[in-house]
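# Residue-level structure breakdown
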Amino acid sequence: MEVFVDVSARQLGIDLGIGTCGWALLAEDSLIALGTRTFDVPETDKERIPTNQIRRQARGMRRVIDRRRQRMNAVRRLLADHGLLADGGKLGLATVRLDPWQARAEGLDRLLSAGELAVALGHIAKHRGFRSNSKRDRGANAPKESSAMLGAIAQTGERLQHWRTVGEMFWKDEFYQTRRRNRDGDYSRTVQRLDLETEVHRLLAAQRRLGNPLATFDLEQSFIDVAFFQRPLADSDDKVGPCPFEPSEKRAARHSPSFERFRLLSRLAALRLSSGAGERPLSDAEFAAACADFGRLQGFSFKRLRQHLKLDPSIRFAGIAPDEEGKRDVVARSGEATPGSAALRHCLGDTVWDNMLGTRPALLDAIAAILTFRDDADRIAEGLAGLGIEEPILDALMDGVRNGSFGKFKGPGHISAKACRALLPHLARGRVYSDACADAGYDHSRQTETNLDDIRNPVARKALGEALKQIKIIIHTHGRPTAIHVEMARDIGKSADERDEIKKGIDKRNSEKDRARQQFHEMVGTPAAGAEDLLRFELWKEQNGWCLYTGREIPIDALVSSDNRIQVDHILPWSRSGDDSYINKTLCFTEANQHKKGMTPWEWLHDDPERWEKFARTVEGCKTMKGRKKRNLLLRDSSRLEKEFRSRNLNDTRYACRLLLGILKHTYPDIVVAARPGPLTDRLRRAWGLQSLKKHEDGTRKDDDRHHALDAAVVAATSQSMLQRLTTLFQKAEREGGRRDFVGLEPPWPGFRADLEAKLEGVVVSRAERRRARGAGHKDTIRAIGEGDAGPVVYERKPVAALTEKDLDRVKDPERNKVLIENLRQWIAAGKPKDPDKAPRSPKGDPMTKVKLVTTDDVRILVRGGTADRGDMARVDVFRQADPKGRWRFFLVPVYPHQVFDPTDWPQPPNRAVVAYKPEKEWTVMGPDHEFLWSLYPFSWIAVEKADGTRIEGYFRGMHRSTGAISISPHHSKSLASTGIGAKTLASFRKFAMDRMGNLSEIEREVRTWHGVACT
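Looking at an unreviewed UniProt entry, one finds the protein named CRISPR-associated endonuclease Cas9, with Magnetospirillum moscoviense as its source organism. Entered under Subunit (unreviewed entry) in the UniProt record, the comment concerning the protein runs "Monomer. Binds crRNA and tracrRNA." UniProt, in its Sequence similarities (unreviewed entry) section for the protein, records the words "Belongs to the CRISPR-associated Cas9 family."

Dropping the structure here:
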């Protein structure tokens, strides 16, 4: 039941990260409560691969193996039905001892026996070559791996021209005598499936010519149908969401002509041309000229747009530096403006393209949808034929599919093609997006209600789901706040690659700071006192040591922050733009800053045209400065500050954040919901002296997850009234020409820092217990098992390059492999030369890449005739038994995923408790006199007391299988842990339940379950 209390002016702050949710509830002058909740990120720890992708790949591999088995079963039955095999069972082909390559080659010239023909056909069916129906595996747009494979296939095809069949080539050509199979990254032994089909036809035709009665036409056709059958790739149009403007329509293909025209016109409508007379939008004639050649090329650079508009060199594109016009695309930040339209135009020809774009744009969009949401070439042909288009157009499109012209067609846009077509006439008149929507009868600010299950990114879906659950329980506990403020980590909603790029950017920035500190010390002669000194130094270097406002040189000794001759100025006044980023800062003389006050550079200098032109030339000539900063320095349309810049800089407009805010507003319509960007709360945190609570003196972050609660408190305090106070502070400083900084902003109440520090001490970080046994049932590597004198022997295959002298003592069958071992010994002694001519070779002369070695490992999990290592421990079942003196002794039984997943081999749970340094067969069996207590999962909360009285409590992190010792980490950090805690002789061993708010309740006993059924 929800708590109802007086909630006047209560603000809930949420600091949401990929795996964390900090929260804080503030009243007008007090901290009510705060905390941190962490949860598992649905991806691997090291590689950060989404776990659903791993599961999907594993399912795909199992599907491939199952289908291969089914195909070979069908082939064996077919061969048995046609009299080639006596037994169509699993071992039907194995009973015929014959080299299949030899049978395939000799079958062209001599009569094969039934068994020989069966072996030849079975070998072709098992290794049936490469064939892809995907439109993405063709042409210049094909993935790198597919391109490499197709290149290798082409070379194999050229070699095949000298032979009758693939089998004959592999049997007789010297190139294939040392190796007939591919290796990692080497596709030189790959053949086309079509060439193997040709071999079947020629082989059976030769056998019929030689009088083989078994080589019937019925066998030939039936074998082709079974051995070379391939399922079509699945379509993805059922996964496309509805349009927010036209709910009955699905979202458009991202590269459909109407969507690409919509994006281009939207960008052109927002574009401004800058000249001495100010800034202006494109004229109607310029608009028409810009769109006249739509779709001719994939990209549309500003340089090309300038040529279309025939602009005078003195006219600039607002926000675009002249030297960047050739690099920047008008529409796309990365990629091209119209790749889809260019591909269609190239395939159809200019005449057909122009006709269809003018009279049948909906048909072009439907074609693009089929090319986008269908991958299989046959399914594309079927879909295009269903549109009723003319045969020449259909043929041209299918030629494009086969040539890989549409490999870039992927993914939907955010609105439907119908909505795009409705908006295009209004955008073509120069109407900006919001006005065009109003003209078309659409509400551009309307958000469709979103189900979390519809979010494709699993990391974002998990984070948003956890935030909603946490907010719900906070409201249930403390009542409804008047406002909810959200700050979201910038990597939520990003792919692993994008997050890696963000991390690389952070690492690069940290390295730049380290170099700047060193250079500051060398050039200024004193260490940088703090961030202000470094900021001044970096701006000074960027500006080549000059003040952009005055054109005067800034002396290097003025860079220390205590020197008042210079100041850091917000180029666009903060009170109007809300931008405190580096690209909105410049280093200038104090008197210039005092004269500029709360104006933009244009507002300050434009009354003196000569001075403005000199300033503009200086800015544009600064090669070390980025284009966005130049845009700020040269901005003329100051009305954009309040309308666009301030709103964007004081809010988080990313998709994931907008989605969360939309759900919160729909769920809590009576609560004010707003987003707060990270840079703003970071500056407030510094201004209020809170950095020392989350960082060490050297600037490194403390390993303490409670800092998320601290950040949430700042987010909660960033109310609208606080922003107004900050704006007033900056306006006053700008009017008076004083120092513009956040330091002058008073905290939410006197003693805020002390109250927050005291409250943080009492926070217990809540972590989600990992109860579900998910993930790999065993490790990927499957090792061979052999028979030794003392029982089963496990082998490993080790790369030759990693071998040591000692490894040679473990080579399998040392007597039989004497020559091989000696070759390896000499190669290792010579320093492992990389020259291929000196590489170690087998007795047959083949180059060696891996060697099979004997290991001391036990057989762990049987997988397809071999053994694999266990997966990570799923849980530990804890039992106790009283010893003769009446003291409790504790027993720990490890449970693994493969046991949980396999009810056939494990109808009952494991029942052996670890005995230190003993093999599993000597572990203690749990009997009727052993009492089950509970199961421990990763991040179960436990409290233990050792025999010497030492007490440790925290999160259970795991058990060492060899010793039975457990590890416990403190609540505030996952990286810190107490290890080697012997469990058997503990004086006390207790388990607790941890709720989302960080509250603990002891668990006396649990019922032991197995496959969902009680078994205690």
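Past the structure itself, the notes keep going.
### Examining helix α13 (residues 361-373)
For α13, with 13 residues, the first-to-last C-alpha span of 18 Å sits near the 18 Å given by 1.5 Å per residue. The complete set of buried residues in α13 reads L363, L364, D365, I367, A368, I370, L371, T372 and F373. Where the residues of α13 are buried, they touch α8 (257-270), α11 (339-348), α12 (350-359), α14 (377-385), α15 (391-402) and α16 (417-428).

### Some points on the sheet that holds strand β26 (residues 978-981)
The six strands lie next to each other as β26-β25-β24-β23-β27-β28, forming an open sheet whose pairing is antiparallel. Strands with a single pairing partner mark the edges of an open sheet, and in this sheet they are β26 and β28 (1000-1003). Pairs of neighbouring strands in the sheet enclose a mean axial angle of 45°, with direction left out of account. Looking at chain direction, strand β25 (residues 966-969) and β26 are connected through two bridges and run antiparallel. Bridge pairing links I966 to I981 in β26.

### Considering the UniProt feature "active site" (unreviewed entry) in the protein
Using the residue numbers shown here, the UniProt feature "active site" (unreviewed entry) corresponds to D15 and H570. With the annotated positions falling across 556 residues, the maximum pairwise C-alpha distance of 27.2 Å shows that they are not confined to a single cluster. As for its placement among the helices and strands, D15 is situated in strand β1 (residues 11-16). In contact with D15, not counting residues within four places along its chain, are T20, C21, G22, E487, H708, D711 and A712. Structurally, H570 can be placed in strand β8 (residues 566-570).

### Some thoughts on the domain arrangement of the protein
Domain annotation of the protein identifies domain 1 (11-42 + 460-493 + 650-767), domain 2 (84-213), domain 3 (245-440), domain 4 (531-639), domain 5 (778-863) and domain 6 (872-1014). Measuring from the centre of the C-alpha atoms in domain 5 to the corresponding centre in domain 6 gives 39 Å.

### Let's talk about the side chain of R961
Within the secondary structure, R961 is located in the loop between β24 (951-959) and β25. At 3.1 Å, the side chain of R961 and the side chain of Y896 are in polar contact. Here the side chain of R961 touches E920 through a polar contact of 2.7 Å, side chain to side chain.

Rules of the game
- Residues numbered from 1 in each chain as written.
- Predicted model: local features only at pLDDT ≥ 70, side-chain atom pairs only at ≥ 80, totals over all residues.
- Heavy atoms only, no water.
- UniProt positions renumbered as here; feature names shortened; annotations may be inferred.
- Helix = DSSP H or I, 4+ residues; strand = E, 2+ residues; numbered from the N terminus.
- Expected span 1.5 Å × (residues − 1).
- Buried < 20%, exposed > 50% of the residue type's maximum accessible area, 1.4 Å probe, protein only.
- Contact = heavy atoms within 4.5 Å.
- Pairing = 2+ DSSP bridges.
- Axes fitted to C-alpha atoms, helices over the stretch in contact; angles between N-to-C directions.
- Domains from an automatic or database assignment.
- Polar contact = N/O pair within 3.5 Å; in protein donor to acceptor, adjacent residues only side chain to side chain.

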